[in-house]
Protein chains: 2
Amino acid sequence: MTKAGQLEEGNASKVPMPAGSNKGISVMDFVSRLVGIAGTLGAAIAMGTNEETLPFFTRFVSFSAEYDDFRAFRLFVIVNAIASAYFVLTIPLSIVHIMRSAARGSRILLIISDTVMLALVTAGASAAASIIYLAHNGNNSTNWLPVCQQYGDFCQAASGSLIGSFGAVVVFLLIILLGAIALSRQAKRHVV
Amino acid sequence: MTKAGQLEEGNASKVPMPAGSNKGISVMDFVSRLVGIAGTLGAAIAMGTNEETLPFFTRFVSFSAEYDDFRAFRLFVIVNAIASAYFVLTIPLSIVHIMRSAARGSRILLIISDTVMLALVTAGASAAASIIYLAHNGNNSTNWLPVCQQYGDFCQAASGSLIGSFGAVVVFLLIILLGAIALSRQAKRHVV
């Protein structure tokens, strides 16, 4: 442990501090963020490189589909790229939390920014999911035909990339939960 | 540190609160939840009663549209109804927080459940938004035609109901922020 860490603990443990009670939580937070990077980066790349050109003529006007044709998919790529960068940027803070269990302000900051990112990623993933659902099933009222028969690979890649993104949503829920638990333990610890 | 703060420290949390330090936050939380009820309930009703039958024949196979034809819209109604009920159920807890600023456990519980609801409502609103965008603009690659020329009123009502739902998203972000701030103040107060 670093000198700063010892000092920190020496200070906080006027009240008996259950040794490293928040350390396990912080390690889980760290690991979750790594999983989050993999999920969001994978989702962004899978969707961002997704295009399919049909090898034959159909009655459809255009013969190729790429993610950029759909606003929802473009949003999906942007949001997942942002979330991926966000995870990378918060890794150092997560490491600090492993070393300094008593950190409070930064934990609260992290909870709030995690919450905003949760909303962003959820929005991107759901918007894409509803388009993919439509592509699979079509809609009678509006006469939108299911296009996954034609664009099979495109649909499959798009559906696959959803997994990474919804995985990231779960990660965000988990790390917000972990953050709140860590905070609650600190609050308890300081009360006699 | 203020005098009230010192008093607080001396006797931990059994002592009556330092006047209104978290009371303002709790009142804002309460008011925000009322706004949230209005937003989600309005959104659910506006979307749930949304249907339009066209008075003329077109080349389309079916001549009416209602929210139930779209999975995303059905999800939207369900999610907003749930969120509305959730807001109603948490109002009493919010009132308790106004009276007992020191409540910690319930605040953390509320932050966590608010976060889950935030994800739910965001998912519903975004899924609906991406369908509405498609209805307005259509998509060339898949040959999905914009249908808002035909279903004008339907589109307008659906778009309108989005406002209430995204308003609720903002409310959730706000009350999570307020909860985190209230917690951080408590934590500070208990530290020497």
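To be clear, the structure that these remarks concern was listed above.
Residues numbered from 1 in each chain as written. Chains lettered and ligands numbered in written order. Predicted model: local features only at pLDDT ≥ 70, side-chain atom pairs only at ≥ 80, totals over all residues. Heavy atoms only, no water.

As for the relation of the copies chain B and chain A
Relating one copy of the chain to the other takes a rotation about an axis and a shift parallel to that axis. Laying chain B over chain A is done by rotating through 180 degrees and shifting 0.0 Å along the axis; what remains is an RMSD of 0.1 Å. The two molecules are tied by a two-fold rotation axis, judged by turn and shift. For chain B, the smallest separation between a C-alpha atom and the rotation axis is recorded for A127 of chain B, amounting to 2.2 Å. When the interface residues of chain B are mapped onto chain A, 96% of them again lie at the interface, so the same face is used by both copies. (Least-squares fit on C-alpha atoms with pLDDT ≥ 70 in both. Contact = heavy atoms within 4.5 Å.)

Let's talk about the pattern of salt bridges
In this structure the tally under the stated criterion is 6 salt bridges over all chains. With its nearest N and O atoms 3.0 Å apart, the salt bridge here joins R74 of chain A to D68 of chain A. What makes D68 of chain A partly exposed here is its relative accessible area of 33%. Among the salt bridges present, the one from D29 of chain B reaches R33 of chain B, with a minimum N-O distance of 2.8 Å. Of this pair, D29 of chain B and R33 of chain B both sit in helix α2 (residues 23-48), separated by 4 residues, roughly a single helical turn. (Salt bridge = Lys/Arg side-chain N within 4 Å of Asp/Glu carboxyl O. Buried < 20%, exposed > 50% of the residue type's maximum accessible area, 1.4 Å probe, protein only. Helix = DSSP H or I, 4+ residues; strand = E, 2+ residues; numbered from the N terminus.)

What about the state of the cysteines?
All names here are of chain A. By the definition in use, this model includes 2 disulfides over all chains. Each sulfur in the disulfide pair C148 and C155 lies 1.9 Å from the other. Because the torsion about its S-S bond is -85 degrees, the bridge between C148 and C155 counts as left-handed. By the burial criterion, C148 is buried, and C155 matches it. (Disulfide = S-S within 2.5 Å.)

Remarks on a nonpolar patch on the surface
All names here are of chain A. A cluster of nonpolar side chains, namely M28, L174, L177 and I181, defines an oily patch on the protein surface of about 280 Å² accessible area. Tallying contributions element by element places helix α5 (residues 152-190) first for the nonpolar patch, with 3 residues. On the secondary structure map, M28 appears in helix α2 (residues 23-48). (Patch = residues over 30% accessible without salt bridge, like charges linked within 9 Å, V, L, I, M, F, W, Y side chains within 5 Å. Areas by Shrake-Rupley, 256 points an atom, 1.4 Å probe, with all protein chains shown as cover.)

Comments concerning the packing of helix α4 (residues 105-137) of chain A against helix α4 (residues 105-137) of chain B
Helices that pack against each other are described as a pair by the angle of their axes relative to one another and the distance between those axes. At a closest axis distance of 7 Å, the pairing of α4 of chain A and α4 of chain B adopts a crossing angle of 40 degrees. On the basis of their axis angle, the class for α4 of chain A and α4 of chain B is oblique. In terms of crossing hand, the pair formed by α4 of chain A and α4 of chain B is right-handed. Contacts between α4 of chain A and α4 of chain B involve T115, L118, A119, T122, A123, S126, A127, S130, I131 and L134 of chain A on the former and, on the latter, T115, L118, A119, T122, A123, S126, A127, S130, I131 and L134 of chain B. Tallied by class, the residues present in the contact of α4 of chain A with α4 of chain B amount to 12 nonpolar, 8 polar and no charged. (Axes fitted to C-alpha atoms, helices over the stretch in contact; angles between N-to-C directions. Parallel < 35°, antiparallel > 145°, perpendicular 65-115°, else oblique. Left-handed = near helix turned anticlockwise from the far one by under 90°. Nonpolar A, V, L, I, M, F, W, Y, C, P; charged D, E, K, R; others polar.)

Brief notes about α4 of chain A
The end-to-end C-alpha distance of α4 of chain A is 48 Å, a good match for the 48 Å that 33 residues give at a rise of 1.5 Å each. Downstream of α4 of chain A by one or two residues, G138 of chain A has phi in the positive range, about 65 degrees. (Expected span 1.5 Å × (residues − 1).)

Observations concerning α2 of chain A
An α-helix turns once every 3.6 residues. As a result, residues three or four positions apart point the same way. Its 26 residues give α2 of chain A an end-to-end C-alpha distance of 37 Å, which sits within 8% of 38 Å, the value for a rise of 1.5 Å per residue. Looking at α2 of chain A, one finds that the buried residues are I25, S26, D29, S32, R33, G36, I37, G39, T40, A43, A44 and M47 of chain A.

Some remarks on the interface of chain B and chain A
Tallying the contact residues gives 46 residues for chain B and 45 residues for chain A. For the pair chain B and chain A, the summed buried area comes to about 4000 Å², and 74% of that belongs to carbon and sulfur atoms. Where chain B packs against chain A, one counts 11 residue pairs in polar contact (both at pLDDT 80 or more). Broken down by secondary-structure element, the contributors of at least two residues to the side of chain B that touches chain A are β2 (64-66), α3 (71-99), α4 and α5 (152-190) of chain B. With 15 residues, α4 of chain B is the largest single contributor of residues to the side of chain B that touches chain A. Of the residues belonging to the side of chain B that touches chain A, the class tally is 28 nonpolar, 14 polar and 4 charged. (Buried area = accessible area lost by both parts, 1.4 Å probe. Polar contact = N/O pair within 3.5 Å; in protein donor to acceptor, adjacent residues only side chain to side chain.)

Overview of the nonpolar core
M47, F73 and W144 of chain A together with M47, F73 and W144 of chain B are the most contacted members of the largest nonpolar core, which totals 50 residues. At the level of elements, α2, α3 (71-99), α4 and α5 of chain A together with α2, α3, α4 and α5 of chain B are the ones that each hand at least two residues to this core. Setting aside chain neighbours within four positions, we find W144 of chain B in contact with F70, I131, L134, A135, W144, L145 and V147 of chain A together with L134, G138 and N139 of chain B. Counting 42 residues, the second largest nonpolar core, distinct from the first, contains I91 and I108 of chain A together with L118 and A168 of chain B. (Core = buried A, V, L, I, M, F, W, Y, C linked by side-chain atoms within 4.5 Å.)

So, the packing of aromatic side chains
For the structure on display, the rule yields 17 aromatic pairs over all chains. When the ring of F70 of chain A is compared with that of F73 of chain A, the centres are 4.9 Å apart and the planes differ by 45 degrees; the resulting orientation is tilted. Under the relative-accessibility criterion, F70 of chain A is labelled buried at 4%. A relative accessible area of 2% means that F73 of chain A is categorised as buried. One aromatic cluster in this structure is built from F70, F73, W144, Y151 and F154 of chain A together with F70, F73, W144, Y151 and F154 of chain B. (Phe/Tyr/Trp six-rings, centres within 6.5 Å; stacked < 30°, edge-to-face > 60°.)

Here we look at the environment of A65 of chain B
Within the secondary structure layout, A65 of chain B lies in strand β2. Apart from the residues within four sequence positions on either side, A65 of chain B is in contact with S141 of chain A together with N50, E51, E52, Y151 and F154 of chain B.

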